[in-house]
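What follows is the residue order along each chain.
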Amino acid sequence: MIEGAPVAEGAAGVAGVAPVGAPHAAVEISPRARFEVLGAILLALLLGALDQTIVGTALPRIVTDLRGNDLYTWAVTIYLLTSTISVPFYGKLSDYYGRKPLLIFGISVFLIGSALSGLSGEMWQLILFRGIQGIGAGSLFPISLAVIGDLFTPAERGKYQGLFGAVFGLAALIGPALGGIITDNISWHWIFYINLPLGLISLLVVSRVLPSLKRPKNPLNLDVVGAIVFVAAMIPLLVGLTNKQTADWATPQVGGLLLIAAVLIPVFLFIESRVQQPIVPLDLWRDRTYAGSLVATFFAAFGFFSATIFLPRFYQVVRGESATISGYELFPLLVGVIISSIVSGQIVARTGKYKALLLVSLALVGVGSLLFTNLAATSDPWTIRFWQFVLGVGIGPTLAVFTIVIQNAVPFSKLGVATSNLTFFRQIGGVVGLSIAGSLFGSQVADRIPVRLLANGVPQQLVDQFKSAGFDQNNLVGVGTTLGQQILAGVPAQFRPIVQPFVPKIVTSIYEAISLAIGSVFWLGLAASVLALLAVLVIRELPLRTSLGSARGSAHGAHAPGRPGAEGMAHQPALAGE
C-alpha cells in the first residue's frame with residue numbers, strides 16, 4: 001500500500017484486495033454492501049430534493065398559521081443560503097476526513113432541522129430551523145455523489161449516476177402533490193416529520209455499511225480567512241439575486257448587495273490563490289475538462305430551473321389550473337429528464353464516451369427552448385407536452401454525465417471538493433438564471449399587455465388608464481378564472497358599467513401577454529444552452545479510468561490537470577496526500 005493512501009475502516013462486508021489489473025474502486029466492499037449504500041444514498045438525495053418541492057406547496061398554509069406573511073420569502077431564502085454556502089465546505093472536509101463522518105453529520109443535522117421545523121410555533125422559529133435544515137442538506141448532494149465516486153470506478157459509474165438525475169425528476173414530480181395531500185389531510189407539520197423515518201433508515205445504512213477513508217498524512221489546515229470571506233460574499237450574492245424576484249436591479253436590496261458580492265468575490269479568489277490548502281482549489285481550473293464542465297453546468301441550469309418555475313405559472317394563470325395540477329402538467333418534462341438521465345448513464349458506461357452525448361443533449365435543450373419561444377395562450381396542450389419532453393430529454397444527461405466527467409478528470413484526493421464545486425455551480429446557475437429570467441418576464445409582461453389590449457379592441461383611453469394604474473404580475477399567480485372579477489373589483493364603482501363590457505377582452509389580453517412573456521424567457525434558455533454547448537466543445541474526451549485509489553495502474557489511467565498523457569500515474573501522488 002502506498003503511504004498516505006486512503007484506508008477503508010469499519011466496512012461491513014469488505015471484499016478484500018482485488019487482483020492486480022482488475023477494475024477496482026477506492027473503497028472495496030462486497031457487492032451487497034455497495035448496493036445497500038447506493039440505496040441509502042439515493043434515499044438521502046430524495047429527501048434533500050423533495051424538501052425543495054414539497055415545502056413550496058405548503059408555504060401559504062404555514063405562513064397563515066404562523067402569521068408570517070411579511071417573512072414569507074425567508075422560509076425559502078434561508079434554506080437556499082445555508083444549503084448552497086455549505087456545499088464547498090463539505091466537499092473540502094470530506095476529502096480529508098472521509099465521506100462517512102461528513103455524510104452522517106449532514107443527515108443528522110438535516111433531520112434535527114426537520115424535526116424542529118415541524119415543531120415551529122412562530123415564523124422566526126421556522127426560518128431559524130429551516131436554516132439548520134439547509135446546513136445539513138448542503139452535504140446530501142455533493143457527498144452522496146462523491147461516495148459513488150469512491151464505490152465505483154469512472155468506467156462503472158455511468159450505470160448508477162443516471163439514477164441521481166432521475167431522483168431530481170421524481171422529487172419534482174411527486175413533491176407538490178405530496179405536499180398538498182399532507183397539508184390538506186393531516187397537517188403541514190408532517191411535511192417535515194416525514195423526513196425523520198426515511199432519513200433514519202438512510203443514516204442507519206450509511207453508519208453500518210459505508211467504510212471510512214482515513215488520510216494519515218498531511219492533516220487539513222483549514223483556510224479560515226478564506227472561509228469567512230467566502231460566506232461574506234455568498235450571503236449578499238444569494239440574497240440579492242433572490243430579492244430580484246420582487247425588486248429592481250437598481251435598488252439597495254438587489255444592486256447594493258450584488259455590489260458587495262462583486263467586491264468580496266475577487267478578494268476571496270486572491271486569498272485562495274495564496275493559501276496552501278484552499279477551500280476552492282483554483283489550480284483545478286487549469287484543466288479545461290474541469291473548467292468547461294463547470295461552466296456548462298452553470299448555463300445548463302438556466303433551462304431546467306426556468307422551465308420548472310415559469311411553466312407552472314403558465315398553467316396556473318393562463319389555463320386556470322390549481323398548483324397541484326400545474327405540477328402534474330410538467331409530467332412530460334420530468335419523464336424526459338428521468339429517462340434520458342438513466343439512459344445517458346448507461347451509454348457512458350458501455351461506450352466510455354461522453355462528449356458527443358453532452359453536445360447532443362445541450363443541442364436538444366436549445367431546440368426545446370426554441371420551441372417554447374412559440375408559446376401562446378392558444379397553444380395546443382399536446383404540442384406543449386411534446387416541447388416539454390424534448391427539453392427534458394436534453395436536460396437529463398446534464399444532471400448525470402457532468403459528475404462522471406468531473407470525477408474522472410481530477411485527482412482522487414480532490415474528488416470531494418470537485419464534486420461539491422459542480423453542485424455549487426449548478427445551484428448558483430439556477431439562482432442567477434431565475435433572477436435574469438424573472439426580470440425579463442416582468443418587463444415583457446409590462447410591454448406586451450398594452451399591445452395586446454389594443455389588438456383585441458380595448459379603447460385607447462382604457463389602455464392608458466390601465467397603464468397608469470400599474471400592473472403587478474405577481475398577483476396573478478393562482479388567480480385563474482377569477483381574474484375578471486379581480487380586475488372589475490379594482491375599478492371605481494361609477495366606472496364599472498363602462499369597463500365591464502371590455503373585461504373579457506382585457507382578461508384575454510393579459511393571458512396572451514403572459515404567455516408571450518413566458519415564451520420570451522426561453523430565449524434566455526436558448527442562449528444559455530449555446531454557451532453551455534461551447535463550453536463542452538473545449539473539454540477533452542478522457543478515457544474513463546477502470547481503477548481508483550491505489551498504485552495499481554490500468555490501461556486507462558488518470559489524467560492529471562494539464563497532463564493529458566499521464567496515464568496510470570496521476571492518481572498515485574494524489575493518494576499520498578496531495
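Residues numbered from 1 in each chain as written. Predicted model: local features only at pLDDT ≥ 70, side-chain atom pairs only at ≥ 80, totals over all residues. Heavy atoms only, no water.

A. Region of interest: the overall build of the protein chain. Of the regular secondary structure elements, the protein chain holds 20 helices and two strands. The proportion of buried residues among the 578 residues of the protein chain is 58%. Counted over contacts in the protein chain with a minimum sequence separation of 6, partners at least 24 positions apart contribute 80%. (Helix = DSSP H or I, 4+ residues; strand = E, 2+ residues; numbered from the N terminus. Buried < 20%, exposed > 50% of the residue type's maximum accessible area, 1.4 Å probe, protein only. Contact = heavy atoms within 4.5 Å.)

B. Structural context of the packing of aromatic side chains. Counting across every chain of the model gives 16 aromatic pairs. Ring geometry for W285 versus Y290: centroids 5.7 Å apart, planes at 90°, classification edge-to-face. A centroid spacing of 5.6 Å and a plane angle of 50° characterise the contact between W285 and F425, whose relative ring orientation is tilted. Remark: F425 occurs in helix 15 (residues 415–455) and W285 occurs in the loop between helix 9 (252–272) and helix 10 (288–318); sequence separation between them is 140 residues. On the basis of relative accessibility, which here comes to 30%, the residue W285 falls in the partly exposed class. Residue class for F425 comes out partly exposed when judged on its relative accessible area of 24%. An aromatic cluster is built from F89, F230, F268, W285, Y290, F298, F299, F302, F424 and F425, whose rings are joined through pairwise contacts. Looking at R385, its charged tip hangs above the ring of W382, at a distance of 4.5 Å from the centre. (Phe/Tyr/Trp six-rings, centres within 6.5 Å; stacked < 30°, edge-to-face > 60°. Lys NZ or Arg CZ within 6 Å of the ring centre and 35° of its normal.)

C. Representation of helix 12 (residues 331–351) within the structure. Here helix 12 contains 21 residues, and its C-alpha end-to-end distance of 30 Å stays within 8% of the 30 Å for a straight helix at 1.5 Å per residue. Positioned one or two residues after helix 12, G352 has a phi angle of 75°, which is positive. (Expected span 1.5 Å × (residues − 1).)

D. View of a nonpolar patch on the surface. Side chains of V530, L531, L534, L537 and V538 sit close together on the surface and give an oily, nonpolar patch of about 410 Å² of accessible area. Looking at where L531 falls in the secondary structure, it is placed in helix 19 (residues 503–537). A relative accessible area of 40% places L531 in the partly exposed class. (Patch = residues over 30% accessible without salt bridge, like charges linked within 9 Å, V, L, I, M, F, W, Y side chains within 5 Å. Areas by Shrake-Rupley, 256 points an atom, 1.4 Å probe, with all protein chains shown as cover. Salt bridge = Lys/Arg side-chain N within 4 Å of Asp/Glu carboxyl O.)

E. Structural detail: the packing of helix 8 (residues 224–243) against helix 15. Two elements in contact, helix 8 and helix 15, have axes whose closest approach is 9 Å; the angle formed by their N-to-C orientations is 35°. In this structure, helix 8 contributes F230, M234, L237, L238 and L241 to the contact, and helix 15 contributes F424, I428, V431, V432 and S435. Considered class by class, the residues forming the contact of helix 8 with helix 15 number nine nonpolar, one polar and no charged. (Axes fitted to C-alpha atoms, helices over the stretch in contact; angles between N-to-C directions. Nonpolar A, V, L, I, M, F, W, Y, C, P; charged D, E, K, R; others polar.)

F. Geometry of the nonpolar core. Counting residues in each nonpolar core, the largest one holds 118 residues, and the members touching the most others are I62 and Y354. It is helix 19 that contributes the most residues to this core, 16 residues altogether. The contact partners of Y354, leaving out residues within four places of it in the chain, are T289, V348, V401, V405, I539, R540, E541, L542 and L544. Ranked by size, the runner-up nonpolar core spans 37 residues in total, among them A44, V147, A171 and V206. (Core = buried A, V, L, I, M, F, W, Y, C linked by side-chain atoms within 4.5 Å.)

G. Quick look at the environment of V280. Inspection of the secondary structure puts V280 in the loop between helix 9 and helix 10. Among the residues examined, V280 registers a relative accessible area of 13% and is labelled buried. Taking C-alpha positions, V280 is 7.7 Å from N421, a pair spaced 141 residues apart along the chain. Setting aside residues up to four positions removed in sequence, V280 forms contacts with F268, E272 and N421.

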